[in-house]
Amino acid sequence: MSTALKLSTLKHPIFEKLVVENICAGIQGTLAQLGPFKTEFKPHFFAATWQVPTPISVIVNIKQNEQPLQVRFHFDPKPVVEILEGMLGDKVDPESQDILDGVGEISNMIYGLIKTKASTAGFQFGMGRPEACFTKNLPPNVNPNGQSLVIPFTVNGGICHFEFIVFD
């Protein structure tokens, strides 16, 4: 269940259109480097609470001008398996630690390109270490008053989401 926030209540600069465009460009650019993956973006939305529909997640804790932020990637296993098998040349079990290690690396690459693209637009995001987990083990949002930007996208038809959480 999603509790949508009114756009007018979201004052943080990361919710600006330019940042959303840079996030999408970072995701698409990274995936293009990894192979011929068809990536399509759905309309983004804002939420105070949101139920993640995919089984694999990655958390990156960061700061922007000393304000804590959190990036979360949520993946359907189908595109992750396709990406990793293309990179490794070997079969990947979608229930294994290998998929978590691989999705952590993919997320790190995506976040790095997002950081680079956002910096050209004047946004400086700090370093962060991705922590991958199965979504059922995902810790709850540590600040229930946080505001989230959620960008749904598909990779070769598999559902994925990028989530940016700003803590109050």
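Further up the page is the structure itself.
Cut-offs applied
Residues numbered from 1 in each chain as written. Predicted model: local features only at pLDDT ≥ 70, side-chain atom pairs only at ≥ 80, totals over all residues. Heavy atoms only, no water. Helix = DSSP H or I, 4+ residues; strand = E, 2+ residues; numbered from the N terminus. Contact = heavy atoms within 4.5 Å. Expected span 1.5 Å × (residues − 1). Buried < 20%, exposed > 50% of the residue type's maximum accessible area, 1.4 Å probe, protein only. Phe/Tyr/Trp six-rings, centres within 6.5 Å; stacked < 30°, edge-to-face > 60°. Pairing = 2+ DSSP bridges. Axes fitted to C-alpha atoms, helices over the stretch in contact; angles between N-to-C directions. Parallel < 35°, antiparallel > 145°, perpendicular 65-115°, else oblique. Nonpolar A, V, L, I, M, F, W, Y, C, P; charged D, E, K, R; others polar. Left-handed = near helix turned anticlockwise from the far one by under 90°.

## Quick notes on the environment of glutamate 40
Here is step 1 of the chain: With respect to the secondary-structure elements, glutamate 40 resides in strand β2 (residues 39-41).
Here is step 2 of the chain: The sequence separation of glutamate 40 and proline 152 amounts to 112 residues, and the corresponding C-alpha distance is 8.7 Å.
Here is step 3 of the chain: Each residue touching glutamate 40, except ones within four places of it in the same chain, is listed here: Pro152, Phe153 and Thr154.

## Let's talk about helix α2 (residues 77-88)
Note: α-helices contain 3.6 residues per turn, so residues at a spacing of three or four share the same orientation.
Here is step 1 of the chain: Its 12 residues give α2 an end-to-end C-alpha distance of 16 Å, which sits within 8% of 16 Å, the value for a rise of 1.5 Å per residue.
Here is step 2 of the chain: Turning to α2, its buried residues number three or more, namely Pro77, Pro79, Val80, Val81, Ile83 and Leu84.
Here is step 3 of the chain: Those residues of α2 that are buried lie in contact with α1 (17-34), β4 (56-64), β5 (67-75), α3 (97-120), β7 (147-155) and β8 (158-166).
Here is step 4 of the chain: Glycine 89 sits one or two residues past α2 and shows a positive phi near 70 degrees.

## Observations regarding the packing of aromatic side chains
Here is step 1 of the chain: Under the criterion given, the structure shown has 4 aromatic pairs.
Here is step 2 of the chain: For the pair phenylalanine 73 and phenylalanine 75, a centre-to-centre distance of 6.1 Å together with 10 degrees between the ring planes defines the contact as stacked.
Here is step 3 of the chain: Residue classification places phenylalanine 73 among the buried residues on the basis of a relative accessible area of 0%.
Here is step 4 of the chain: Ring centres 5.7 Å apart and planes at 80 degrees place the aromatic pair phenylalanine 162 and phenylalanine 164 in the edge-to-face group. As far as burial versus exposure is concerned, phenylalanine 162 and phenylalanine 164 are alike and both buried.
Here is step 5 of the chain: Three or more aromatic residues link up through ring pairs in this structure, and these residues are Phe73, Phe75, Phe162 and Phe164.

## Digging into the pairing of β5
Here is step 1 of the chain: Counting buried positions over the 9 residues of β5 gives 7, a clear majority of the element.
Here is step 2 of the chain: Pairing of β4 with β5, which is carried by 9 bridges, proceeds in the antiparallel orientation. The partner of asparagine 61 across the bridge, within β5, is glutamine 70.
Here is step 3 of the chain: Two elements, β5 and β8, share 7 bridges in a ladder whose sense is antiparallel. Each bridged residue has a counterpart across the sheet, and for arginine 72 the counterpart in β8 is glutamate 163.

## Considering the side chain of threonine 154
Here is step 1 of the chain: Structurally, the position occupied by threonine 154 is in strand β7.
Here is step 2 of the chain: The exposure class of threonine 154 is buried, given its relative accessible area of 13%.
Here is step 3 of the chain: Other than its neighbours up to four places away in sequence, threonine 154 contacts Lys38, Thr39, Glu40, Lys42 and Ile159.

## Overview of the packing of α2 against α3
Here is step 1 of the chain: The geometry of α2 relative to α3 is characterised by a closest axis approach of 10 Å and an angle of 85 degrees between their N-to-C directions. Taken together, the axis directions place α2 and α3 in an arrangement best described as roughly perpendicular. In this structure, α2 uses Pro77, Val80, Val81, Ile83 and Leu84 to contact α3, whose residues at the interface are Asp98, Ile99, Gly102, Val103 and Ile106.
Here is step 2 of the chain: By residue class, the composition of the contact of α2 with α3 is 8 nonpolar, 1 polar and 1 charged.

## Describing the packing of α1 against α3
Here is step 1 of the chain: Taken N-terminus to C-terminus, the directions of α1 and α3 make an angle of 130 degrees; their axes are 8 Å apart at the nearest point. Looking at the two axes, α1 sits oblique to α3. The handedness of the crossing between α1 and α3 comes out as right-handed. Counted together, Asn22, Ile23, Ala25, Gly26, Ile27, Gly29, Thr30 and Leu34 of α1 and Ile106, Met109, Ile110, Leu113, Ile114, Lys117 and Ala118 of α3 form the full contact between these two elements.
Here is step 2 of the chain: Split into classes, the residues belonging to the contact of α1 with α3 amount to 10 nonpolar, 4 polar and 1 charged.

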